[in-house]
Structure formats: C-alpha cells, structure tokens
Amino acid sequence: MASDHVDVLIVGAGLSGVGAACHLQRSCPGRTYAVLEARDAIGGTWDLFRYPGVRSDSDMFTLGYSFKPWTNPKAIADGDAIRDYVRETAREYGVDAHIRFRHRVVRAAWDSTTARWTVHAHREDTAETVELTCAFLYVCSGYYRYDEGYTPAFPGVDRFAGRLVHPQHWPSDLDHGGKRVVVIGSGATAVTLVPAVAERAAHVTMLQRSPTYILPLPSRDRFADALRRRLSARAAYPVVRWKNVLLTSASYQFSRRAPGLMKRLLRRAARRRLPVGYDLDRHFAPRYDPWDQRLCIVPDGDLFTAVQAGRASVVTDTVDTFTEHGVRLASGAELPADVVVTATGLNLLALGGMTLTVDGAAVDLAGTVAYKGMMLSGVPNLAMTIGYTNASWTLKADLVATYVCRLLRHLDRTGQQIVTPLPPPGEDRVPLIDLQAGYVLRSLDALPKQGASAPWRLYQNYPRDVLLMRHGRLADSGVRFSRAGSQERSALRA
C-alpha cells in the first residue's frame, strides 16, 4: 500500500476542486498539493451529466471563476462549454498534473499528535487502497451522489416496454428522434430536457406532480456584450460579475420580502409566452413562495416556446402506474410513451461519502455545526465547499478557497499548525441547506447543521460573505488555533 504526503489534499476535480487548486497556486505557491478524483475525467458535474440540453442554471459571469474571465458569448452556457472551461483552467494553471484519477476517498483519520490527516482512497482502476497524509484536507466533492440519482418506486415499471432512463446517467445509444417522450419532474433538469428533446422527438410531455417557478432570461447578456466591445475581457469581467451578483441578490431579497408581488411578476412573464387561454394556475403556479426552492431558469424562454409551438406539453398529475405503453395517471388518463425520463431528483451525499475520525473518535456529521459554511465543529484542518442556494455555486467556492489560503498563511505566520472550529454556544440548530426541495428534505438528518448567528450561520448573502471571508478576522470565538500534540476530542464532543 503506497503512502505519500502533501500539504493540502483536495478531493474532487470538478468546478470547485480545480478552482481550489488554482487559488492555492496563486496565493500559497509554496504549498504542495494533490487532487483526488473518483472518476476518470476533469469536470465533475459537467462531465457526468450528458443529457440533451444540459446547461448552467446560473449566469456564467458568476458561475465562472473570479480569476478567469468567461469569454463565451452565451451567459447561460451548455454543459460542453462549461466542461471545456474547467479543463482549460486546469491546463492553464498546471492543475491537471496534480490530479490522480480513479481515486475514491473512503475514509480519513486525524491525528492531533502529528497534526496530520491519513486519507485512504480506493483506486477504481486497480482495486488497491492508497494511503496519503496531508496537513489540510479540502473536500470539493459537492453534496450529491455521483453514482446514482433519485428515482421513486413507481408501480408497474417492470411492465413498461419502452426505455426508462435517469438524466444523471443518460445512455449514449438513446435515440429519441421521432419518439414519444414523457419527462417526469418539474425541476431544473426537467425544464432543461423538455425543450432540448422536443427539437427531435415526436412529442414531449412534462409530467409534474406540482409546478415550479420558471424564470425566462436571455441566453446572452447584452450589457456584457456591449462592455466587451469597449474593454478587454479581463477588464469587463468583474464589472459584469458584480452587476449580476447585485441583480441576483436584489431579486432574491425582493422575493423573500414581497413574495406576492414576485409571484405576479413571474406569472405575467409566463402568460406572455404561453398560448391564449392556457391553464396557468394549474401548470405554472406553485403552492410555495419564490425561492423556497430555486427558481428554474429557461434561457430565452425555450420551455414556453416549445409549449407554444405544440412540440411539448405540461401535465400536472401523479403517476398511478406504468403500463406497457406508457404512464397511467391518477386522473385515469394515460400518457403514451416510447421513452420515460425520470427527472426526479438527486441523492445527497455529504463529503463524497467518506467517513471521518478525529483522534480515534468517529465524526457524526449530523452532530456537527458548520463554521462559516465551510468547516465542521470539532474537526481540525478540514474545509468543504458548499455553494449558495440562491446564487451561483462558484461565488461561494471562490470565497471558501480564498479563506482556506488565508488560514494557511495565518498558520505559517503564527507558528500554529491546527485550526479547529468550535460548536456555537446554546442549542439552536437549523438545517445547513435552507431549501424545501425534496432532495434536500430527504437527507437533512444526515447533514451538518448551522447555528443561530455568525460565524455559525449561513446568510446566503454574497456581498456580506465577501466582507466576512476576504476581510474578516481569522481568530474569532468560533475557532481554536493550536500546535501538534494537543488533543481535539473535547471540541468534537462538546
């Protein structure tokens, strides 16, 4: 069993992991690092998802890295373009030379006497176990399972004679041209799939149990186009990025403070793009308030266009049973289908499924509290990347990477080796992720919590977090700094 040591071990070579490595090279050039990636390619989500139409649900001026301008004309970009952007960044900064593919991290053990993590990874290609040690463990694996999506147990599914697929594992041999397709779901994946599949299918039906808020946005940013005609990409990028940050933040705050008015605006936007007399209340009027779940962006209103043209339709009902030739609904109607796509959500998986111990004590993730949304109480020298629920993932990923680099430099300056988040005073605990989406609610009991106030509280506010993460104090009431030889069990069990 091979063993080697790096200063920082990054888990995951997707958007977050590549960005984290670039930040390390830019801000902590003397640190050694490696990136472990369970799959065999760079890109994470954007390499895994290959279903028709896959694209970002955030604008690329904020989903892109702060240090690398997005130059593609489209602000709402397709998956191939995003994957190419991540891979180009990895090559440009030499990160690709530090990635070890087919290494799935299964467990990590912290030892306070040596101030090191011992990390065990399973090599998917050789089936051997690899052991590495590191001073700091940086988990950039997202928060859902890559090996399987969520599919409910539908009655009668074994009788269905057609093709049943989940978008997370879209078959490369699936030809939906001229076929009748039913897409079960109404979230971001479904509203992306429907107009894309409708371009070649005989007809596509989006079968939803309940509606989702749909927000049509232009696929190109006119302000960005105009600015880039006058300025270099590097000069224009931060201006457009902050413009979009502030607009998104204002939209979110407006939605939370005046949900009734936001509902009316979203309703009006949908009505303008749908056929006259369309049953808007049934199919596009959710029972919850905007941003209780993420708004689904449709570039240039493509979903509404497909419905308007008759290539796609929306049915709001529940599945009674699958039949040989399609799906029978609770209403008694039957949707004929050659292909059924279960766009029914994700399964969450904290820390990529790895288990942790601190000085021999197992870490119960559900019993920990997140510090600044990026570290766990009682767990030394570990950071994780969890993006915003109301803005682009990368905005938070960039801030976490910046903060990790600040912490590492602080340890060097002060002669300390260990930083351990402490649990907040009091017993107030709330879920770490504040969405009401089904995939979140199914897994809340297994995820870390957050406290009632900063630095243990996530406010989902990027401008506020910029001040906290880039300029805020590193030594505060939420952390303890120490040297090798100190025991951290008290913090873990507090």
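As shown above, the structure is provided for reference.
Residues numbered from 1 in each chain as written. Predicted model: local features only at pLDDT ≥ 70, side-chain atom pairs only at ≥ 80, totals over all residues. Heavy atoms only, no water.

Draft legend 1. Highlighting the overall build of the protein. The number of helices and strands found in the protein is 14 helices and 25 strands. Computed over C-alpha atoms, the radius of gyration of the protein comes to 23 Å, within 12% of the 23 Å expected from 2.2 N^0.38 for 494 residues, which places it in the range of a compact globule. In terms of overall dimensions, the protein has C-alpha extents of about 70 × 55 × 45 Å along its principal axes. Per-residue burial over the protein gives 54% buried out of 494 residues. A separation of at least 24 residues holds for 72% of the contacts in the protein among residues at least 6 apart in sequence. Of the accessible surface of the protein, which amounts to about 20,400 Å², a share of 50% is contributed by carbon and sulfur atoms. With 61 positive and 48 negative side-chain charges, the protein shows a spacing of 6 Å between the two charge centroids. (Helix = DSSP H or I, 4+ residues; strand = E, 2+ residues; numbered from the N terminus. Rg over C-alpha atoms; globule rule 2.2 N^0.38 Å. Buried < 20%, exposed > 50% of the residue type's maximum accessible area, 1.4 Å probe, protein only. Contact = heavy atoms within 4.5 Å. Areas by Shrake-Rupley, 256 points an atom, 1.4 Å probe, with all protein chains shown as cover. Lys, Arg positive; Asp, Glu negative; His and termini not counted. Charge placed at Lys NZ, Arg CZ, Asp CG, Glu CD.)

Draft legend 2. Molecular detail of the packing of aromatic side chains. Following the criterion strictly, the structure yields 15 aromatic pairs and no others. Judged by centre distance (5.2 Å) and plane angle (70°), the ring pair of Trp-70 and Tyr-85 falls under edge-to-face. Highlighted residues: Trp-70 in the loop between α3 (60-63) and α4 (79-92) and Tyr-85 in helix α4, separated in sequence by 15 residues. Seen in terms of ring centroids, Trp-242 and Tyr-462 are 5.4 Å apart; in terms of plane orientation they differ by 45°. Their pairing is tilted. Of this pair, Trp-242 sits in helix α7 (residues 233-257) while Tyr-462 sits in helix α13 (residues 462-471), placing them 220 residues apart in sequence. (Phe/Tyr/Trp six-rings, centres within 6.5 Å; stacked < 30°, edge-to-face > 60°.)

Draft legend 3. Region of the structure containing the pattern of salt bridges. Inspection of every chain in the model, using the stated rule, returns 24 salt bridges. A salt bridge links Asp-292 to Arg-256; the shortest N-O distance between them is 3.0 Å. On the criterion of sequence distance, the pair formed by Asp-292 in the loop between α9 (280-283) and β11 (296-299) and Arg-256 in helix α7 is long-range, its members being 36 residues apart. For Asp-292, a relative accessible area of 18% gives the class buried. Classification of Arg-256 as partly exposed rests on a relative accessible area of 36%. Salt bridges linked by common partners bring Arg-39, Asp-47, Arg-50 and Arg-87 together as one network. (Salt bridge = Lys/Arg side-chain N within 4 Å of Asp/Glu carboxyl O.)

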